[in-house]
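# Working through the structure, step by step
Chain by chain, the residues run as shown.
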Amino acid sequence: MSPFFNTPLTDFYETLQGDKRKAFGTAIPYLTQMMGDWVINPSSVSLSTFQKMCYSDPTIGGCLDYNIAIIAESIGDYFHGDEDIQKRVRKANGKIDGGLKSLIRKMLTFLWAGFYVGEKVLKYDEETDMQIVDYVLSLPPLSILFRIDFQGRVRDPQGIYQYVLNAFNSGYANSYAYGSIGNVNGTMTSSPDAFSSQGDIDYPYRTVAINPVGLVNIPRGNCIYIKNEGVDGLDNPYGRSMLRRIYSMWLAKSALIQFLMLAYDKKSTPLLAVFADGHQSILNPNSNDPSDTMSAINAVLPQLEGYKGQSVLVFPGMKGTVYDIEAIPVDADMEQFIRGLDWIEKQIQRGLLMPDTIFQGDTGGSYASNSMQNNVHNKLLGGIRNTIVHAL
């Protein structure tokens, strides 16, 4: 026996002996200590940000809605070799609160969150003479914390936990996204996504340091639990959000839209050029003292400071003698910004598995090209559909 397994720091000795042994290796290695079966999401972008991207960006929300609708509608009725079983299960599915299609759509939120956990609530049904699912309570992803075994698999039954008392920005399950795992480049922060530019952790972070207050176990057998496997093959109980690959594009789009709005503002407001005689003095319009005078420049400046948003400007003195004003038209090249936004939109659509032809209208290409892209799109969504069917 290797001396590694004899160390008192290991909490997995018994799981490697006899009939209980599953594997000598682990999918989620230990990092700082040979202890800890609570795991932290390796994503450096918070789930709160992913959620905001869904409901605030029309392109991202539209792509997800499109994919979710196709997958949900492609899943049909339950089939079984025994016609009696098939009939009873179909009746049971039809009695789920909200319907089976609604449940499938909720499960497909794992595309943006990376995973989905729903707690099944059962009831006895006299018609089918069996326990059926009354409804499925979808649990907020940010409130979920996973506990794993040595091999890196979610424990059963005590592997899925929820913070029913979950203060905003607590970050226990998503703490790397809030910068609270450790000191990064000498900086500690609680701001979301502070370290997103440095990338995600290579694999989930094992820890023993969690807050047990408000933490309840959701028995694995009571749950519908699925996760989105990333292209890197990382065995991560939190899965991989589809939005992670387009996060940088979303940031660039947000910044470019702000620049575009500034350009529109500059283009709609002409630039005023004021010519004032520095040697001229006029009476102060705010004073009754005839000896209180001020230079022409000082008389004009207060009016120009409040120029934006005003329809009337009143300048003291005689135009052409004390001062003169000329409006200079401003012409901003908006096409540069629009082309940049179009390119970013395409990258976002591709990152969400959308064919190029979906949002391009009549300029989407030939019929053969569209058919090929739609076939590839359906095959890509087929893998996601199989994940849902397997969970059901």
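Below you will find a few notes about this structure. (Residues numbered from 1 in each chain as written. Predicted model: local features only at pLDDT ≥ 70, side-chain atom pairs only at ≥ 80, totals over all residues. Heavy atoms only, no water.)

### Remarks on the side chain of T49
Along the chain, T49 falls in helix 1 (residues 47-56). Taking relative accessible area as the criterion, T49 reaches 7% and is therefore assigned buried. T49 has contacts with D193, Y247 and W250, leaving out every residue within four places of it along the chain. (Helix = DSSP H or I, 4+ residues; strand = E, 2+ residues; numbered from the N terminus. Buried < 20%, exposed > 50% of the residue type's maximum accessible area, 1.4 Å probe, protein only. Contact = heavy atoms within 4.5 Å.)

### Points about the pattern of salt bridges
Applying the stated criterion across every chain yields a total of 15 salt bridges. Where D57 meets K253, a salt bridge forms, and the shortest distance between an N and an O atom there is 2.9 Å. Residue D57 is found in the loop between helix 1 and helix 2 (58-74), and its partner K253 is found in helix 6 (residues 247-268); the two are separated by 196 residues along the sequence. Overall, D57 belongs to the buried group, its relative accessible area being 6%. Under the relative-accessibility criterion, K253 is labelled buried at 5%. A salt bridge links E73 to R105, with the shortest nitrogen-to-oxygen separation between them at 4.0 Å. Taken as a pair, E73 in helix 2 and R105 in helix 4 (residues 100-107) lie far apart in primary sequence, 32 residues in all. Of the residues examined, E73 reaches a relative accessible area of 53% and is grouped as exposed. Taking relative accessible area as the criterion, R105 reaches 36% and is therefore assigned partly exposed. What you see here is one network of salt bridges that share partners, running through K91, K95, D125 and E127. (Salt bridge = Lys/Arg side-chain N within 4 Å of Asp/Glu carboxyl O.)

### Examining the pairing of strand 8 (residues 223-227)
Taking burial as the measure, the 5 residues of strand 8 include 5 buried ones, the bulk of the element. Because side chains alternate across strand 8, one face comprises the buried residues C223, Y225 and K227, and the other comprises I224 and I226, equally buried. For strand 2 (residues 115-125) and strand 8, the ladder comprises 5 bridges, and the chain directions are antiparallel. Directly across from E119, in strand 8, lies its bridge partner C223. (Pairing = 2+ DSSP bridges.)

### Here we look at a nonpolar patch on the surface
A cluster of nonpolar residues, V164, L165, V213 and V216, forms a patch on the protein surface that exposes about 350 Å² of accessible area. Summarising the element assignment, V213 is placed in the loop between strand 6 (205-207) and strand 7 (215-217). Residue classification places V213 among the partly exposed positions, given a relative accessible area of 48%. (Patch = residues over 30% accessible without salt bridge, like charges linked within 9 Å, V, L, I, M, F, W, Y side chains within 5 Å. Areas by Shrake-Rupley, 256 points an atom, 1.4 Å probe, with all protein chains shown as cover.)

### So, the layout of surface pockets
Gaps left between atoms show up when a probe the size of a water molecule is rolled over them. Estimates place the volume of the second largest pocket at around 580 Å³. In terms of lining, the second largest pocket is formed by 25 residues, of which the most central are V89, N93, L100, A391 and L392. Looking at the lining of the second largest pocket, the elements with two or more residues in it are helix 3 (83-94), helix 4, strand 3 (130-138), strand 8 and helix 9 (367-391). The element best represented in the lining of the second largest pocket is strand 3, accounting for 5 residues. (1 Å grid on protein atoms, 1.4 Å probe; cavity = no way out; pocket = protein on both sides within 12 Å on 5 of 7 lines; lining within 4 Å. Points joined across faces, edges and corners; volume = space filled by probe spheres on them.)

### A closer look at the nonpolar core
Membership of the largest hydrophobic core comes to 65 residues, with the highest contact counts inside it found for I60, L108, V117, F146, I160, L243 and L352. Residues within four places of F146 in sequence aside, it is in contact with D37, W38, V39, F115, V117, V154, G159, I160, Y225, P237 and Y238. Judged by nonpolar contacts, the second largest core, of 5 residues, contains I40, Y176, I201 and Y205. (Core = buried A, V, L, I, M, F, W, Y, C linked by side-chain atoms within 4.5 Å.)

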